[in-house]
Amino acid sequence: MTEKVKTLRLGLLGCGVVGTGVIAALQKQSEEIEHRFGIQLVLVKVAVRDLQRPRAPFVDRSLLVSDWQQVCQADDVDWVIEAMGGRQPAKEAVMAALSLGKPVVTANKELLAFHQQELAGLARSRGTFLACESSVMAGVPVVYMLDAYFQANRVMRLQGIVNGTCNYILSQMSESGEDFHQALMQAQRQGYAEPDPTADIEGRDALYKLAVLVYHAWGQPLVVNPDLAAGITGVSTADIRLAKRLGCTLKHVVEAVPTASGENLSVYVGPQLLPDGHPLAQVCGVNNALSISGDLVGNLIFEGPGAGAGTTASGILEDVVRCALHQPDLAVSRDESLWEGSVDVDHQMAEMHPSFALRTIGTGTQSLRHQALLVRWQESPHGSLSLTVWENLIDGTGERQTLNGKLFTPDERVAWAWGAEKAIPVPMGKSCRGRRVWFVFQPRHSAAEGLRRVVGGTDGTQVERQVLESTVGQWAVFPFADGFVTDFEQLYEMLEEIEAEGELTGAKVR
Ligand SMILES: NC(=O)c1ccc[n+]([C@@H]2O[C@H](COP(=O)([O-])OP(=O)(O)OC[C@H]3O[C@@H](n4cnc5c(N)ncnc54)[C@H](OP(=O)(O)O)[C@@H]3O)[C@@H](O)[C@H]2O)c1
């Protein structure tokens, strides 16, 4: 029993899933924490939007206030825990608390993805700190690891499954053969998907988390453009089947890796084909996992429940106790000056990314890291494309076009543009005028270069605009995990076998 007791008066913003979890965790652990560390955690105020809303029975309603300022500005609040979500008024509230020198613990990945550097800077300037363990993978201590362990090591790569909703849906599709919509409804019934699941299934949530991780790994903010992320809405049962036949599992993956020159960072958010033996391929259901590679230590993998009241509250309380105890500096995002010579996030590249990520092509540098991309093209369900160039490219008629003085079919043109090794047309049935074509690439140049070649222009900006105008859902890109495809002949044989068995025929695909 510690003799001297230090009291921390906590103000909580939000009493939803996470806020309620924090209250429950405080009630359960406070005594033990006081006994072990001499820190008395006392909840003094809780801000909510609607005072009349029913709350869990153990929530002391006398603590509720309807204005976040009554928490952040209050003299009797020493620390603020932010669990409101969203960018505003969360940003205003966190800034108000930090400006008064109050430490802030937040679970808000969206806020951090856009404003982490600014908020961390404010915390530093006021001699206080901002901690955010639970913003990524809830209670699984990955932010702590990046902040605390990776000091002598340089982080060489982050690769992870950080969205439980996507992982549950893909696991469900793989295990039970359900299509995307059935699996999504199942996720909603189980409480694993929000009534509005857009941020999860479109990959935005995962992108926000990657932005937080990138900042803690390399001390640089990622330019967050939500179009940067590809989600899983376009994944079909045929994709899942093909993945299985290739000995792979389709997972929604976030990845960040410095490029070979070490000057830029290549990021990816979207579906990826992982060989079945890959550690992340084994991560099922709503679980999350992150692989952090250090140049000295090698690959470390962290896995656990990445969402939910209990585990998120755990991440929050660990932040509070750790920072209160002895290492507040760890909570402040690392000083960039420590990372002289470290990678810069290439803003131009990040901004180019949307051209590829809208189920189009990958990042400009991503293809250099992946030995192969398996690209599915399918005709728009609505049959039309907004761009002439794309209509010409994939109108499915097989008309030959002239390109650089050479005649190409649309398939050949795509294959040429990315240096594809193999194109497998898949008939869609008599009643359907569309076709699907699978392309296997062993990229000889970047995806950006391939895109430029396809549209026949040289102006990257123009390419971006054109692609963004094309109908969403035209392309699905499944990069193979780095280093997986070493034997292309074997891959082609497998694909031919699948094709010969009619696995990818129109009737089955649709
Ligand atoms: N849910 C998870 O598993 C999880 C995991 C990790 C991180 N997070 C993050 O934690 C945060 C909270 O998530 P959640 O799931 O707990 O959300 P939630 O259930 O929607 O709760 C949000 C809470 O904030 C309150 N609130 C919203 N706007 C407010 C305002 N302007 N002033 C005062 N109170 C306001 C709401 O009040 P009312 O109750 O009156 O509406 C509600 O109590 C988000 O940033 C989320 O990304 C969540």
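An account of the accompanying structure is given in this report. (Residues numbered from 1 in each chain as written. Predicted model: local features only at pLDDT ≥ 70, side-chain atom pairs only at ≥ 80, totals over all residues.)

### Details of the sheet that holds strand E4 (residues 79–82)
Argument step 1. If you walk across this open sheet you meet the six strands as E3-E2-E1-E4-E5-E6, and the pairing is parallel. Each end of this open sheet is capped by a strand with a single partner; those strands are strand E3 (64–65) and strand E6 (130–131).
Argument step 2. Two strands pair when backbone bridges link them, and strand E2 (residues 39–47) and E3 are joined in this way by two bridges, in the parallel orientation. Bridge assignment links Val46 to a residue of E3, and that residue is Leu64.
Argument step 3. Docked against the sheet, helix H1 (residues 17–37) engages strand E1 (6–13), E2 and E4, running at close to 160° with respect to E2. (Pairing = 2+ DSSP bridges. Helix = DSSP H or I, 4+ residues; strand = E, 2+ residues; numbered from the N terminus. Contact = placed C-beta atoms within 7 Å. Axes fitted to C-alpha atoms, helices over the stretch in contact; angles between N-to-C directions.)

### Concerning the packing of H1 against helix H11 (residues 309–325)
Argument step 1. Running from N to C, H1 and H11 point in directions that differ by 40°, and their axes come no closer than 8 Å. Judged by the inter-axis angle, H1 sits oblique to H11. For the pair H1 and H11, the crossing hand works out as right-handed. Along its contact with H1, which presents Val17, Val18, Thr20, Gly21, Val22, Ala24, Ala25, Gln29, Ile33 and Phe37, the element H11 presents Ala309, Gly310, Thr312, Ala313, Ser314, Ile316, Leu317, Val321 and Leu325.
Argument step 2. Of the residues that constitute the contact of H1 with H11, the class distribution is 13 nonpolar, six polar and no charged. (Parallel < 35°, antiparallel > 145°, perpendicular 65-115°, else oblique. Left-handed = near helix turned anticlockwise from the far one by under 90°. Nonpolar A, V, L, I, M, F, W, Y, C, P; charged D, E, K, R; others polar.)

### Quick word on helix H4 (residues 109–125)
Argument step 1. Considering bend angle alone, the principal kink of H4 is centred on His115 and spans about 85°.
Argument step 2. Among the residues of H4, those classed as buried are Lys109, Glu110, Leu111, Leu112, Ala113, His115, Gln116, Leu119, Ala120 and Ala123.
Argument step 3. On its buried face, H4 is in contact with helix H3 (90–99), strand E5 (104–106), E6 and helix H9 (204–218).
Argument step 4. Phi for Gly127, located one or two positions after H4, is positive at around 65°. (Bend = angle between axes of the 7 residues up to and from the residue. Buried ≥ 20, exposed ≤ 12 C-beta atoms within 10 Å, placed from the backbone.)

### Looking at unusual backbone geometry
Argument step 1. Going from Gln88 to Pro89, the amide bond is cis rather than trans, its omega being 5°.
Argument step 2. By the secondary structure assignment, Pro89 is in the loop between E4 and H3.
Argument step 3. The residue Met137 is not glycine, and still its phi comes out positive at about 60°.
Argument step 4. Relative to the helices and strands, Met137 resides in the loop between E6 and helix H5 (142–149).
Argument step 5. In this structure, Ala138 is a non-glycine residue whose phi angle is positive, near 50°.
Argument step 6. Topologically, Ala138 is positioned in the loop between E6 and H5.
Argument step 7. Ala138 gets classed as buried once you count the C-beta atoms within 10 Å, which come to 26.

None of this, on its own, says anything about what the molecule does.
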